[in-house]
Amino acid sequence: MHKVLLRSRDIILRGFKMNMKMATSCSSGWAASGSSVFDGGRVVINRKLGSFPVLLVLFLCLCVFPISVRPSRGDRDYTFHNCLIKCKQNSCVGKDYIGQPNYLKYLSWDCDSECKYQCMWQTVHTFQQHNIPIPQFFGKWPFIRLWGVQEPASAVFSLMNLLSHVVGIWHLRRNVPKDAPLIPLWYLFAAVCINGWIWSIVFHTRDFPVTELMDYFSAFSMNAFSFFSVFVRLFQKWMCWPVMTMGVLILSFCAYHVHYLTFVHFDYGYNMKANIAMGVLNASCWLTWSGVNRRSLHHVWKCALFVLLAVASLVMEVFDFPPIFWVIDAHALWHLFTGPLTLLWYSFLVDDCRYLYEEEKEKQKLM
């Protein structure tokens with residue numbers, strides 16, 4: 001990143017107070033109707049369950065997100081700046097770096113970016129000689145590039161996540177009848193997620209403002225679509241007023257989110273809080289739905305386990321450390337963990353679509 005967040009703990013905690021109200025409203029809105037359970041997972045939350053799933057998700061998120069990002073020490077160091085000036089004077093002709101392989105040029109490694117990369121390692125070497133902790137540069141740890149790929153491990157693990165969705169949707173198509181309820185929903189879900197991981201690969205390959213924006217927007221779209229899917233699953237159909245209303249609200253907020261960050265102000269703090277709010281709502285609603293259906297739908301444990309593990313995996317982002325072998329950092333390990341976890345989600349979708357299909361057949365026999 002070429003900017004860093006300078007947000008205090010108090011600001012983040014105030015954001016979580018807002019999220020607490022939003023997440024609690026998601027749970028309490030269902031709880032107000034009583035304690036009965038419909039067929040097929042159309043549920044009204046049991047009062048005994050309360051807001052435990054919401055509180056659990058909020059607790060895990062508070063463990064993950066209270067740490068503010070500090071300015072990068074490496075790119076502000078004298079060694080780095082002195083090296084950068086000399087590199088541009090001695091090794092560049094216009095925007096071209098002298099002697100640079102063509103494959104690096106194809107990935108837009110120009111004079112400025114190449115000099116920053118070379119001077120980054122010179123600065124790291126200087127820090128190591130004086131036994132000073134390894135610094136970050138422009139908000140990122142120093143990574144060894146591979147064939148021009150800026151963060152090779154994160155790019156590869158993002159590709160693994162993409163393939164997990166491809167395998168998952170193939171498994172869904174192979175094991176669930178085409179006319180099963182909600183199948184189009186999960187096809188669209190897979191398309192949104194595949195698009196998101198494509199942009200994650202692009203961003204970790206080369207970090208530019210446009211690839212950063214697209215990575216953030218596509219990640220937010222995955223979160224938002226999963227949240228919308230809760231309501232479609234709850235009512236088991238698209239064309240009803242509650243689902244359509246939520247769809248319009250979520251889509252409107254996504255449009256505002258993209259417009260604000262693109263044309264008004266690219267605010268990392270706002271983007272973080274928006275993702276936290278959507279993530280807390282998403283996880284809380286899926287956990288609540290799983291909790292109230294745990295007896296009537298025996299496969300919902302997969303949904304609950306997926307959500308809990310997905311939230312818990314974010315703890316990896318807390319234990320940030322310099323890259324192992326200058327390749328694998330905590331963020332890359334998070335991508336590594338979420339890849340196999342995606343297959344658990346699609347296993348739940350297969351079981352759930354089968355259940356809805358059999359339920360619909362039984363209803364047709366009774367008609």
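All values reported here derive from a predicted model rather than from experimental measurement.

1. What about helix H9 (residues 241-264)?
Turning to step 1, where the next piece is worked out: Over its 24 residues, H9 extends 32 Å from the first C-alpha to the last, a length consistent with the 34 Å expected when each residue adds 1.5 Å.
Turning to step 2, where the next piece is worked out: Buried positions along H9 lie against helix H8 (209-235) and helix H10 (268-292).

2. As for the packing of aromatic side chains
Turning to step 1, where the next piece is worked out: For the structure on display, the rule yields 24 aromatic pairs.
Turning to step 2, where the next piece is worked out: Their ring planes at 70 degrees and their centres at 6.0 Å tell us that Phe 80 and Phe 138 sit as a pair that is edge-to-face. With Phe 80 in helix H3 (residues 78-90) and Phe 138 in the loop between helix H5 (111-129) and helix H6 (152-175), this residue pair connects regions lying 58 residues apart in the sequence.
Turning to step 3, where the next piece is worked out: Since its relative accessible area comes to 2%, Phe 80 is described here as buried.
Turning to step 4, where the next piece is worked out: Where Phe 253 meets Tyr 256, the ring centres are 6.4 Å apart and the plane angle is 35 degrees; that geometry is what we call tilted. One end of the pair is Phe 253 and the other is Tyr 256, both in helix H9 and three residues apart, which spans about a single turn.
Turning to step 5, where the next piece is worked out: Classification of Tyr 256 as partly exposed rests on a relative accessible area of 43%.
Turning to step 6, where the next piece is worked out: A connected cluster of aromatic rings, assembled from ring pairs, spans Trp 186, Phe 189, Phe 225, Phe 228, Trp 286, Trp 289, Phe 306, Trp 345, Tyr 346 and Phe 348.

3. Some details on the state of the cysteines
Turning to step 1, where the next piece is worked out: Per the stated rule, a full pass over the model turns up three disulfides.
Turning to step 2, where the next piece is worked out: Here Cys 83 pairs with Cys 119 through a disulfide, and the sulfurs are 2.1 Å apart. Linking Cys 83 and Cys 119, the disulfide has an S-S dihedral of approximately -80 degrees and is accordingly described as left-handed. Of this pair, Cys 83 sits in helix H3 while Cys 119 sits in helix H5; the two residues are 36 residues apart in sequence, bridging distant segments of the chain.
Turning to step 3, where the next piece is worked out: A relative accessible area of 0% means that Cys 119 is categorised as buried.
Turning to step 4, where the next piece is worked out: Note on cysteine connectivity: Cys 87 is disulfide-linked to Cys 115, with sulfurs 2.1 Å apart. Taking the sign of the S-S torsion, -80 degrees for the link of Cys 87 and Cys 115, the bridge is left-handed. Remark: Cys 115 occurs in helix H5 and Cys 87 occurs in helix H3; sequence separation between them is 28 residues.

4. A few points about the UniProt feature "transmembrane region" (unreviewed entry) in the protein chain
Turning to step 1, where the next piece is worked out: Under the UniProt annotation, "transmembrane region" (unreviewed entry) lies at residues 50-69, 182-204, 216-235, 247-266, 272-292, 304-328 and 334-357.
Turning to step 2, where the next piece is worked out: Here residues 216-235 is 100% helix and 0% strand, with 30 Å between the C-alpha atoms at its ends.
Turning to step 3, where the next piece is worked out: Annotated as residues 272-292, this span is 100% helix and 0% strand, and its ends, taken at the C-alpha atoms, are 30 Å apart.

5. Some remarks on the packing of H6 against helix H12 (residues 330-366)
Turning to step 1, where the next piece is worked out: Close contact between H6 and H12 brings their axes to 8 Å; oriented N to C, the two are set at 5 degrees. By the angle class used here, H6 and H12 are roughly parallel.
Turning to step 2, where the next piece is worked out: A class-by-class count of the residues in the contact of H6 with H12 yields 14 nonpolar, 13 polar and one charged.

6. Thoughts on unusual backbone geometry
Turning to step 1, where the next piece is worked out: A positive phi angle, near 70 degrees, is found at Leu 182, a position not held by glycine.
Turning to step 2, where the next piece is worked out: Secondary-structure assignment places Leu 182 in the loop between H6 and helix H7 (183-205).
Turning to step 3, where the next piece is worked out: The phi dihedral of Gln 236 is positive, around 60 degrees, even though this residue is not glycine.
Turning to step 4, where the next piece is worked out: The topology assignment puts Gln 236 in the loop between H8 and H9.

7. Observations concerning the packing of H3 against H5
Turning to step 1, where the next piece is worked out: Relative to each other, H3 and H5 sit at 140 degrees, their axes nearing to 9 Å. For the element pair H3 / H5, the angle class is oblique. Handedness of the H3/H5 crossing: right-handed. Of H5, the residues touching H3 (which contributes Thr 79, Phe 80, Cys 83, Leu 84, Cys 87 and Lys 88) are Cys 111, Asp 112, Cys 115, Lys 116, Cys 119, Met 120, Gln 122, Thr 123 and Thr 126.
Turning to step 2, where the next piece is worked out: A breakdown of the residues in the contact of H3 with H5 according to their chemical character gives eight nonpolar, four polar and three charged.

8. Description of the pattern of salt bridges
Turning to step 1, where the next piece is worked out: On inspection of all chains with the given rule, the structure shows seven salt bridges.
Turning to step 2, where the next piece is worked out: For Lys 140, the salt bridge identified is with Glu 151, shortest N-O distance 2.6 Å. Residue Lys 140 is found in the loop between H5 and H6, and its partner Glu 151 is found in the loop between H5 and H6; the two are separated by 11 residues along the sequence. Like Glu 151, Lys 140 is buried.

Conventions and cut-offs
Residues numbered from 1 in each chain as written. Predicted model: local features only at pLDDT ≥ 70, side-chain atom pairs only at ≥ 80, totals over all residues. Heavy atoms only, no water. Helix = DSSP H or I, 4+ residues; strand = E, 2+ residues; numbered from the N terminus. Expected span 1.5 Å × (residues − 1). Contact = heavy atoms within 4.5 Å. Phe/Tyr/Trp six-rings, centres within 6.5 Å; stacked < 30°, edge-to-face > 60°. Buried < 20%, exposed > 50% of the residue type's maximum accessible area, 1.4 Å probe, protein only. Disulfide = S-S within 2.5 Å. UniProt positions renumbered as here; feature names shortened; annotations may be inferred. Axes fitted to C-alpha atoms, helices over the stretch in contact; angles between N-to-C directions. Parallel < 35°, antiparallel > 145°, perpendicular 65-115°, else oblique. Nonpolar A, V, L, I, M, F, W, Y, C, P; charged D, E, K, R; others polar. Left-handed = near helix turned anticlockwise from the far one by under 90°. Salt bridge = Lys/Arg side-chain N within 4 Å of Asp/Glu carboxyl O.

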